Amino acid sequence: MEHYVPILVFSVVAITIPILLLLVTKVIRAGSPDPIKAEPYECGVEPTSFALDTRFSIRYYVIAVLFVVFDVETIFLFPWAVSFDRLALFGFVEMVIFLAILLVGYVYAWKRGALEWA
Amino acid sequence: MSLADFVPFLPEIFLGCAGFIVLLAGIPLGRRGSRPVIALAVAALAATAVLIFLVGRPAAGPQLILGDMLVVDQFAVFFKLLVLAASALALVMAAGYLDRAQYSGGEFASLILFADLGMFIMASGANLASLYVGLELMALSVYVLVGYFKLEVKSNEGAVKYFVLGAASSAILLYGISLIYGTTGSLDLETIRVTLAEVPHQNFLLLLGIALVAFGMLFKVAAVPFHVWTPDAYEGAPTPVTAFISVAPKAVAFAMFLRLFAGTFAGEVEHWRMLLWIASAATMIYGNVAALTQINVKRMLAYSSIAHAGYALMGLVAGSDAGTWAVLMYMAVYAFMNLGAFGFVILLESRGYAGERIEDFAGLARRHPGAAAGMLIFMLGLAGIPPTAGFMGKLYLWAATVEAGYIWLAVISVLMSAVSLYYYFRLVVQMYLKEGDAEDESPAEMLSDRWAGAAIAVCAVMTLAIGLWPAPLVGWAKSGLSALGLV
Amino acid sequence: MDFLVVNFAEILFYCLAVLTVAGGIGVLVFKSPVHAALSLLFTFVMVAALFLLLHAELLGAVQVLVYGGGIMVLFLFVIMLVNVKTLAPEQAFLSRLAPLAVVAGVLLGVLIAFALIFGVLVSGHGDGTALRTVGGAEIGNTEAIGAVLYTTYLVPFEIVSVVLLVAMIGAIVFGRRSAGLEIEGGGGES
């Protein structure tokens, strides 16, 4: 457990700093609220619609799934890197194959135009 | 783990690489229709079969490879070749269908190849981890295939229902696996088997784990009460996909079921036998009775496929060697009959769309006598009438069930087979005795597609050949037995 | 004070457990789907902390990176894709399913309770530590998992890569706009 003490200290500091900043600015700033100030800035033009009324393009979904796939891939790299000494060449070849399989998917996504925005 | 371990694994490596090549080659090839890329995929399947014969067979007895993750035995080889045959036939049937609907063949064929890879791992897994990962690869590929016709609402609906329920069943299976791991301390099938054989286990958690694994497997073979996804997924999926998923994944799910229950959990047989008895009886009764009222052929065949899973479960209940090889035999027989029947549904076109209603078959005997005769063979086979293979398959299952002393289960299955005659013959009556609606200006037409025709012919020949001369297949199915006790 | 020091891990566990369950309840009660998703994120982070408490550091990292990162992004994207503003429980089909959900939830709860109670009765408390030895030598949990995952579990590991590839193909097949209809000049030779 004692290994976690530095992490605990670190996270306490990390959480305290933004809270302090917010508190300090709230205390020392001059406040004059106005509804117009709260509106989204669109070059001075009145916003025509609420931002969340427009639906996202389906292409964001493909990007999100690709992100999750590569995210999971990264997770597999983590213990591999930690025990790399132990695994030696065998582990290296193995990981190259793992990455090559996902590279096939990347090439496929590219060639299929899943990454194009036009 | 030595390099020699990889030699029996070469068929799987080849199959995976073939999947990558088909996926990438499908982009340029796909512009000329799906046939070139499907031809490539079928060639890869044939080459995989050759590789299995060359290096993928056990030299002498079951052989554990790659950190005891996989086992090379006759049992696995049987199911691998069955999967290869079924997916090749389904792909050949799919070519014309994909072209007519204008969907590309590259992703389709590569997903079938990846599903096959998953099924190979399922058929030869010797560790719960490899079995589960193989199962997930198969399942994920199949979910995508079911929803492949993404502009059709039914296809979407089927895929979503299959995916949500399939994910839930995977979670149940995984929970069961974790309980088994927690109580026996191992994921290795052989270690678990030895542990269970040494210690008489009354451990509630272990039994709960086995029961949950049984539920997960019952879902995969579409047995009652875990069948609810089946009719919608089968009806909504593109018909070649329905043909494929009603055959290959079901067969390997039975392979995994057998390896786990007739092999690993055999020591606990008294605890799970009753569960499977009930599931088998309920599946046969529900599947056959629900099929009676269907007007859509795909839906009718979906319920019929539920019923057939119930028949095959009898072999597991019997728990004997005879029961086990009867299941192997039945899966092979059922594969050819069902693929053939779906082949005709693929080819029948009504008003520019698939002819899926039973009435679409009206008067087929007059317009297409050959097709009607072929469909007759498959309907006879599915109903279990001699001289087709379906009769031989059921005969061995009945024999094993009666021999093991489960007379009532056998009686139920005979009665339900009689019930099934009604709905199979409803189609036959439509083909031979109904003239079709005279006012219908565009009756359903049987398209001529040489590829699909050839695939159906293979299925018909196999259905008759196994029915008339079952000895080679029986011998081969029996050769798979030695594996279970040892691994 | 002694009590706090001796039972520090237990106290921490119960605090984290209460927070985890609170996050789960938040997912159900928040009206705005974005708030519900953020509540789920909070639950994920708390579960990650629970994994750390069990010395399963890698699982904790997976929990944060994959669930807190990847899965949560997917959730938020889907919320914005379908543009749901509030989670209205009054929708007819949902309220019809509510009794079923209660039954399923109670069954699952009973199942897990049974598993826990019997697990403790039969085998007692585990030693509460994750895998951390390989060949007798004591090393970190992440390294121990790496040493097993990339040798014994080689086949499942490589197959997982194919599973990820299939997930990618699936996303592209369903998500591409113009659909698979790219065969030039319509149907083939049929």
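Because the structure is a prediction, the values reported are computed rather than measured.

### Some details on the overall build of chain A
Phase 1 of the analysis: Along chain A, the regular secondary structure elements total 3 helices and 0 strands.
Phase 2 of the analysis: Of the regular secondary structure in chain A, the N- to C-terminal order runs α-α-α.
Phase 3 of the analysis: A compact globule built from 118 residues should have a C-alpha radius of gyration of about 13 Å, whereas chain A, at 24 Å, is more than 25% larger.
Phase 4 of the analysis: Along the first, second and third principal axes, the C-alpha set of chain A runs to 65 × 50 × 20 Å.
Phase 5 of the analysis: In chain A, which comprises 118 residues, the share counted as buried stands at 19%.

### Regarding helix α2 (residues 59-82) of chain A
Phase 1 of the analysis: An ideal rise of 1.5 Å per residue puts 34 Å on 24 residues; α2(A) measures up with 36 Å between its terminal C-alpha atoms.
Phase 2 of the analysis: Where α2(A) is concerned, the buried positions are A:Val62, A:Ala64, A:Val65, A:Leu66, A:Val68, A:Val69, A:Val72, A:Phe76, A:Pro79, A:Trp80 and A:Val82.

### What to know about the interface of chain A and chain C
Phase 1 of the analysis: On the side of chain C, 37 residues touch chain A, which itself brings 39 residues to the contact.
Phase 2 of the analysis: Elements with a contribution of two residues or more to the side of chain A that touches chain C: α2 and α3 (84-111) of chain A.
Phase 3 of the analysis: With 19 residues, the single largest contributor to the side of chain A that touches chain C is α2(A).
Phase 4 of the analysis: Across the side of chain A that touches chain C, the residue classes break down as 28 nonpolar, 4 polar and 7 charged.

### Re the environment of B:Leu301
Residue and element names in this part refer to chain B.
Phase 1 of the analysis: Tracing the backbone shows Leu-301 in helix α13 (residues 297-318).
Phase 2 of the analysis: By C-beta crowding, Leu-301 is classed as buried, having 30 other C-beta atoms within 10 Å.
Phase 3 of the analysis: Separated by 55 residues in sequence, Leu-301 and Ser-246 place their C-alpha atoms 9.1 Å apart.

### Structural notes on the nonpolar core
What tends to happen in soluble globular proteins is that the nonpolar side chains get buried as a cluster.
Phase 1 of the analysis: Within the largest apolar cluster, 246 residues are counted, with the highest numbers of intra-cluster contacts made by B:Ala41, B:Ala86, B:Ala251, B:Val252, B:Met331 and C:Val166.
Phase 2 of the analysis: B:Ala41 has contacts with B:Val22, B:Leu91, B:Ala109, B:Ile112 and B:Leu113, leaving out every residue within four places of it along the chain.
Phase 3 of the analysis: Ranked by size, the runner-up nonpolar core spans 7 residues in total, among them C:Leu40, C:Leu41, C:Phe44 and C:Ala48.

### Quick look at the interface of chain A and chain B
As a measure of interface size, the accessible area lost when the parts come together is often cited.
Phase 1 of the analysis: Each side of the interface is counted separately: chain A has 5 residues, and chain B has 4 residues.
Phase 2 of the analysis: Looking at the side of chain A that touches chain B residue by residue, the classes come out as 3 nonpolar, no polar and 2 charged.

### As for the domain arrangement of chain A
Phase 1 of the analysis: What the domain assignment reports for chain A is domain 1 (1-29) and domain 2 (56-118).
Phase 2 of the analysis: Here the C-alpha centroids of domain 1 of chain A and domain 2 of chain A sit 35 Å apart.

Scoring rules and cut-offs
- Here, residues in each chain are numbered from 1, in the same order as that chain's written sequence.
- Working convention: letters from A go to chains and numbers from 1 go to ligands, in the order in which they are written.
- Where totals are concerned, whole chains, interfaces and linings use all residues; where local detail is concerned, this predicted model gives features only for residues with pLDDT of at least 70, and gives and counts side-chain atom pairs only at 80 or more.
- A run of DSSP states H or I qualifies as a helix once it reaches four residues; a run of E qualifies as a strand once it reaches two. Both are numbered from the N-terminal end.
- Here the globule rule is a power law, 2.2 Å times the number of residues to the power 0.38, and the radius of gyration is based on C-alpha atoms.
- Neighbour counting defines burial: a residue surrounded by 20 or more other C-beta atoms within 10 Å of its own C-beta is buried, one with 12 or fewer is exposed, and intermediate counts give partly exposed, using backbone-placed C-beta atoms.
- A helix's residues, less one, multiplied by 1.5 Å, set its expected span.
- Our contact criterion uses C-beta atoms placed from the backbone: two residues qualify when those atoms are within 7 Å.
- Amino acids are sorted into nonpolar (Ala, Val, Leu, Ile, Met, Phe, Trp, Tyr, Cys and Pro), charged (Asp, Glu, Lys and Arg) and polar (every other residue, Gly among them).
- What makes a nonpolar core is a set of buried Ala, Val, Leu, Ile, Met, Phe, Trp, Tyr and Cys residues, with links drawn between C-beta atoms within 7 Å.
- Either an automatic procedure or a domain database provided the assignment from which the domain bounds are taken.

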